[in-house]
Amino acid sequence: MNRDEALRISKELEKWSVADLYEAQGKYGDISHTIYPVHFVKRFSGIAVTARGFQGSVMGAVIDAMEKAQPGDVLVIDAGDESSTSFGGSTAFAAHHRGIAALITNGYVRDIAEIKTLAVSVYAAGVNIRGSLRSHRGWIQIPVSIGGCVIHPGDFIVGDEDGLLAIRPERVFPVLE
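Computed from a prediction, not measured in an experiment: that's the story for all the values here.

Parameters at a glance
Throughout, a residue's number is its position along its own chain's written sequence, starting from 1. Totals for whole chains, interfaces and linings use all residues, but because this is a predicted model, local features are given only for residues with pLDDT of at least 70 and pairs of side-chain atoms are given and counted only at 80 or more. The basis for every side-chain value is the complete set of non-hydrogen atoms in the structure, without hydrogens or water. Where helices and strands are cited, they refer to DSSP runs of H or I of at least four residues and of E of at least two residues respectively, numbered from the N terminus. Whether a residue is buried, partly exposed or exposed follows from its accessible area with a 1.4 Å probe, protein chains only, as a fraction of its type maximum: under 20%, in between, or over 50%, in that order. Whether two residues are in contact is decided by their heavy atoms: any pair within 4.5 Å suffices. Per-residue accessibility takes into account occlusion by the displayed protein chains alone, with areas from the Shrake-Rupley method and a 1.4 Å probe. Just so you know, the count uses Lys and Arg for positive and Asp and Glu for negative, and it drops His and the chain ends. Throughout, a charge is located at the NZ atom of Lys, the CZ atom of Arg, the CG atom of Asp or the CD atom of Glu. Strand pairing is defined by DSSP finding a minimum of two bridges between the two strands. Polar contacts here mean pairs of N or O atoms no more than 3.5 Å apart (in protein, one a potential hydrogen donor and the other a potential acceptor; neighbouring residues in sequence count only if both atoms are side-chain atoms). By convention, a stacked pair of Phe, Tyr or Trp rings (six-membered ring in the case of Trp) has centres within 6.5 Å and planes under 30 degrees apart, an edge-to-face pair has planes over 60 apart, and any other such pair is tilted. Note: the arc covers the axis-to-C-beta directions of the helix.

### Overview of the overall build of the protein
- Each helix and strand in the protein was counted, giving 6 helices and 14 strands.
- The principal-axis extents of the C-alpha atoms in the protein amount to approximately 45 × 30 × 30 Å.
- Considering the protein as a whole, with its 177 residues, one finds that 49% of them fall into the buried category.
- Here the analysis covers contacts within the protein between residues at least 6 apart in sequence; of these, 74% occur between residues at least 24 apart.
- With the model as given, the accessible surface of the protein reaches about 8200 Å², and the carbon-plus-sulfur share is 51%.
- Seen as two clouds, the 17 positive and the 21 negative side-chain charges of the protein have centres 4 Å apart.

### Considering the pairing of strand E6 (residues 102-105)
- Where burial is concerned, the two faces of E6 agree: the one with Ala102 and Ile104 and the one with Leu103 and Thr105 are both buried.
- Two strands pair when backbone bridges link them, and E6 and strand E8 (residues 121-124) are joined in this way by 3 bridges, in the parallel orientation. Across the sheet, the residue bridging to Ala102 is Ser121, located in E8.

### Notes on the side chain of Asp73
- Following the sequence through the fold, Asp73 ends up in strand E4 (residues 73-78).
- Residue classification places Asp73 among the buried positions, given a relative accessible area of 2%.
- A distance of 2.8 Å separates a polar side-chain atom of Asp73 from the backbone nitrogen of Gln70.
- Residues within four places of Asp73 in sequence aside, it is in contact with Arg3, Ile47, Val49, Ile100, Ala101 and Ala102.

### Focus on helix H3 (residues 59-68)
- Here H3 has its buried residues at Met59, Gly60, Ala61, Val62, Ala65 and Met66.
- On its buried face, H3 is in contact with strand E3 (44-52), E4, strand E5 (85-87), helix H4 (89-98) and strand E10 (139-140).

### Digging into the packing of aromatic side chains
- Following the criterion strictly, the structure yields 1 aromatic pair and no others.
- With 5.9 Å between their ring centres and 65 degrees between their planes, Phe44 and Tyr123 make a pair best called edge-to-face. Of this pair, Phe44 sits in strand E3 while Tyr123 sits in strand E8, placing them 79 residues apart in sequence.
- Under the relative-accessibility criterion, Phe44 is labelled buried at 3%.

### Things to note about the environment of Asn2
- Counting through the fold element by element, Asn2 comes out in the segment before helix H1 (3-13).
- In sequence terms Asn2 and Glu23 are 21 residues apart; their C-alpha atoms lie 27 Å from each other.
- Polar side-chain contacts of Asn2 include one of 3.1 Å to the backbone nitrogen of Asp4.

### Things to note about H4
- Among the residues making up H4, those that are buried are Gly89, Thr91, Ala92 and Ala95. The buried residues of H4 occupy one face: seen down the axis, they fall within an arc of 160 degrees. For H4, the exposed residues lying more than 90 degrees away from the buried face are Ser90 and His97.
- Phi turns positive, to about 80 degrees, at Gly99, one or two residues after H4.

### Quick notes on the sheet that holds strand E9 (residues 126-127)
- The sheet built from 3 strands is open, its strands ordered E5-E7-E9 with parallel pairing. Taken across any chain shown, the strands that pair with only one partner, and hence form the sheet edges, are E5 and E9.
- Pairing of E5 with strand E7 (residues 108-109) involves 2 bridges; the strand directions are parallel. Residue Phe87 lies in a different strand from E7, and its bridge partner there is Val109.

Such coordinate-based values are descriptive only and should not be taken to indicate function.
Next comes the structure, spelled out in structure tokens:
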């Protein structure tokens, strides 16, 4: 599937609630309710760009993923079980200006007042002031685990106020039917 087709499909997915798509997919692909909307702008669908940090040092991977992301993409950041933040206002600001649809992490975020001024949805495990380190580059565009769901680069990610859903590209046409 080429990028133009993926973006067209993403726009179709955006028309449906996450709950309806979850049911249409056979009750599969949901991302745990523990990853919730810290700042919700509007229902979105986008193509996953994944990042995985290492031992509290997720910022290198986040920066690399941000550089790879294109308008309409969704950054999916696996911070592991670290309690440091995956990103804050500066990352959300960059995502907003790059046209990224959403930022999702199983870690924490900060600078909420700043994030709430931007047109990018943010989902996280919570809020924490503790910053991340940049001592390890981390990895991008690998499968990651977020909220009990394995997400591959290129998966469709759909989000609304109720939660998040991942749809593998090979499953998207049956789901839309």
